[in-house]
Amino acid sequence: MSNRHDVRERIRAAALRAGFDQVGFAPAETPTHAEAYRAWLDRGYHGEMAYMAREDAVRRRIDPAMAVPGARTIIVVSLVYGPDHGRRAGAVEDPPSPAGARCEGLVARYAHGRDYHDVFEERLDALLAAVREEAPAARARRYVDYGPVLERDHAQRAGLGWIGKNTMLIHPTIGSYLMLGELITDLDLQPDEPFLPDRCGSCDRCIEACPTQAILDGRMLDARRCISYLTIELRGPIPREYRRAIGTRVFGCDICQEVCPWNTDAETPETSPFDDPPSGRPWRSTDMVSWAQELARLDEQGFKARYRGTALSRPGRDGLLRNLAVGLGNSGDLTAVSTLEMLAADASELVAEHARWGLEELHSVTG
Ligand code: B12
Ligand code: SF4
Ligand code: SF4
């Protein structure tokens, strides 16, 4: 028993040495909210993310032993990237108006630099090496985000925080600006205590602030309405009913975290482990006119070279230009007209249609 405890503590220390901010141990069992996940799929809230509903992937999410035979433990780690210190905590963008025209495109904080998957993979490999030193025969597999793992559920079981009404995993002192990764292993390690208190109380700020009413009762989110889904995951046209609400969010959305009181005084670092100053690719908030001009000149190959290793590569050239056309249309800034006209002539009909919408929108707001 004490050996099991010592091994766990040495692995905990190794995770911190590998650069993770938090580490916790959960039993490799069916997630607590497996049924909630099935209900989420049954209602179609996953939209076009078909990989979420594939029967084999559903079974894997519900049974971690399908990923690693004999799995006993899920080692859950987190990396804190913190809020955007350049923006006012709790600030939510005002609606665009001719008086307050903005051409600044907003990018979700986690995506300002390197692709976080790469950072996690490097550090999880270092942790895996430490696990193998403890137990050379141990089976283990690393996961971050894209794997069939209900990450927040296991993180809550491992004591890293509670699942808020916005469905984010929130830690009482660190807040929710953190990403998760896991090692699933057949090592039998003593689990940590789950994080049981619900610290949301009577607060409803995230539900009220969400511009597309994506946050539903019962800690469920209709991904089809979420700006993060619409600007990152969706491949085709953005439904017209949501375009205005997207504002100038070009990639992802942080509103339900910006308004959360647990992020206001959170103890977070000034820099993010995903920041990447040497690459010259800090996509914090960028002038949409020059961004669209540069992007429109790239073909798919040029796009790949420029965006490789960043989260922004996911929607592809056309997807990002689609988002920029919506953002420019919502900017209330007439200097965006010529850029939108250029996009309306783009070879991609996806880009061109959103640019036509953007032009109509700009003219209707600015008269
Ligand atoms: C699909 C997906 C999305 C979808 C759907 C999100 C959603 N809420 O379902 C979209 C594209 C919209 C999205 C958006 C974002 N995502 Co995302 N996403 C995922 C992914 C790949 C799967 C999530 C999933 O399974 N959804 C299905 C639902 C049913 O599961 P769930 O969200 O985990 O919800 C759990 C709770 O709701 C709980 N639950 C259900 N009912 C109840 C009832 C009670 C009482 C309680 C307590 C709990 C509870 O059980 C559910 C299952 O475990 C995970 C990575 C992973 N593999 O888990 C990242 C992940 C959830 N995303 C992440 C991030 C950072 C984001 C964004 C902030 C990105 C951005 N800035 O734009 C936004 C936030 C939107 C939001 N409020 O959730 C992080 C979250 C980290 C954290 N602190 O929680 C994750 C964990 C990725 C990672 N590796 O770190 N995402
Ligand atoms: S990320 Fe934005 S759009 Fe999605 S639920 Fe949160 S506030 Fe709503
Ligand atoms: S804003 Fe309020 S209700 Fe929403 S997650 Fe934060 S504490 Fe919970």
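Residues numbered from 1 in each chain as written. Chains lettered and ligands numbered in written order. Predicted model: local features only at pLDDT ≥ 70, side-chain atom pairs only at ≥ 80, totals over all residues.

**Points about the site of ligand 1**
For step 1, the next point in the chain: Neighbouring ligand 1 are 36 residues; His-33, Ala-108, Asp-153, Ser-228 and Gly-252 lie closest to it.
For step 2, the next point in the chain: Secondary structure elements with two or more residues in the shell around ligand 1: helix H2 (34-42), helix H5 (151-157), strand S7 (178-185) and helix H7 (227-233).
For step 3, the next point in the chain: Residue-level mapping places the shell around ligand 1 at the junction of two domains, with at least three residues from each of domain 1 (2-83 + 115-185) and domain 2 (104-111 + 202-366). (Near = placed C-beta within 6 Å. Helix = DSSP H or I, 4+ residues; strand = E, 2+ residues; numbered from the N terminus. Domains from an automatic or database assignment.)

**A few points about the domain arrangement of the protein chain**
For step 1, the next point in the chain: One can read the domain layout of the protein chain as domain 1 (2-83 + 115-185) and domain 2 (104-111 + 202-366).
For step 2, the next point in the chain: The distance between the C-alpha centroids of domain 1 and domain 2 comes to 27 Å.
For step 3, the next point in the chain: With 30 residues of domain 1 at the interface, the matching set in domain 2 holds 31 residues.
For step 4, the next point in the chain: For the side of domain 1 that touches domain 2, the element with the highest residue contribution is helix H4 (residues 116-134), accounting for three residues.
For step 5, the next point in the chain: Grouping the amino acids of the side of domain 1 that touches domain 2 by side-chain chemistry returns 16 nonpolar, ten polar and four charged. (Contact = placed C-beta atoms within 7 Å. Nonpolar A, V, L, I, M, F, W, Y, C, P; charged D, E, K, R; others polar.)

**A word on the site of ligand 3**
For step 1, the next point in the chain: The immediate surroundings of ligand 3 are formed by Gly-164, Lys-165, Asn-166, Cys-200, Cys-203, Asp-204, Arg-205, Cys-206, Val-259, Cys-260, Pro-261 and Trp-262.
For step 2, the next point in the chain: Contributions of two or more residues to the shell around ligand 3 are made by helix H6 (205-209) and helix H10 (261-264).
For step 3, the next point in the chain: Among the residues making up the shell around ligand 3, the classes are represented as seven nonpolar, two polar and three charged.
For step 4, the next point in the chain: Looking at which domains feed residues into the shell around ligand 3, each of domain 1 (2-83 + 115-185) and domain 2 (104-111 + 202-366) gives three or more.

**Observations regarding the sheet that holds strand S1 (residues 22-27)**
For step 1, the next point in the chain: Overall, antiparallel pairing links the four strands, which are arranged S1-S2-S7-S4 in an open sheet. Bordering the open sheet on either side are S1 and strand S4 (140-143), each of which pairs with just one other strand. If you compare each strand with its neighbour and ignore which way they point, the axes differ by 20° on average.
For step 2, the next point in the chain: One ladder, built from four bridges, connects S4 with S7; its direction is antiparallel. Following the sheet pairing, Tyr-143 is matched in S7 by Glu-182.
For step 3, the next point in the chain: Across the sheet, H4 lies against strand S2 (73-80), S4 and S7, angled at about 35° from S7, the strand it touches most. (Pairing = 2+ DSSP bridges. Axes fitted to C-alpha atoms, helices over the stretch in contact; angles between N-to-C directions.)

**Observations concerning the packing of helix H11 (residues 288-296) against helix H14 (residues 337-344)**
For step 1, the next point in the chain: Contact pair H11 / H14: the axes reach a minimum separation of 10 Å and the direction vectors enclose 25°. By the angle between their axes, H11 is roughly parallel relative to H14. Read as a crossing pair, H11 and H14 show a hand that is left-handed. Listed contacts from H14 to Val-289, Ala-292, Gln-293 and Ala-296 of H11 are Thr-339, Met-342 and Leu-343.
For step 2, the next point in the chain: Looking at the contact of H11 with H14 residue by residue, the classes come out as five nonpolar, two polar and no charged. (Parallel < 35°, antiparallel > 145°, perpendicular 65-115°, else oblique. Left-handed = near helix turned anticlockwise from the far one by under 90°.)

**Remarks on helix H13 (residues 316-329)**
For step 1, the next point in the chain: A rise of 1.5 Å per residue sets the reference length of H13, with its 14 residues, at 20 Å; its end C-alpha atoms lie 20 Å apart and thus fit the reference within 8%.
For step 2, the next point in the chain: Of all 14 residues that make up H13, 13 are buried, and the element is covered over most of its length. (Expected span 1.5 Å × (residues − 1). Buried ≥ 20, exposed ≤ 12 C-beta atoms within 10 Å, placed from the backbone.)

**Things to note about unusual backbone geometry**
For step 1, the next point in the chain: We note that Asp-145 has phi near 65°; this positive angle belongs to a residue other than glycine.
For step 2, the next point in the chain: Here Asp-145 is to be found in the loop between S4 and H5.
For step 3, the next point in the chain: A residue is classified by how many C-beta atoms lie within 10 Å of it, and Asp-145, with 13 of them, is partly exposed.
For step 4, the next point in the chain: In the Ramachandran plot, Gln-213 falls in the positive-phi region, its phi being about 50° despite a non-glycine side chain.
For step 5, the next point in the chain: Tracing the backbone through its elements, the reader meets Gln-213 in the loop between H6 and strand S8 (215-216).

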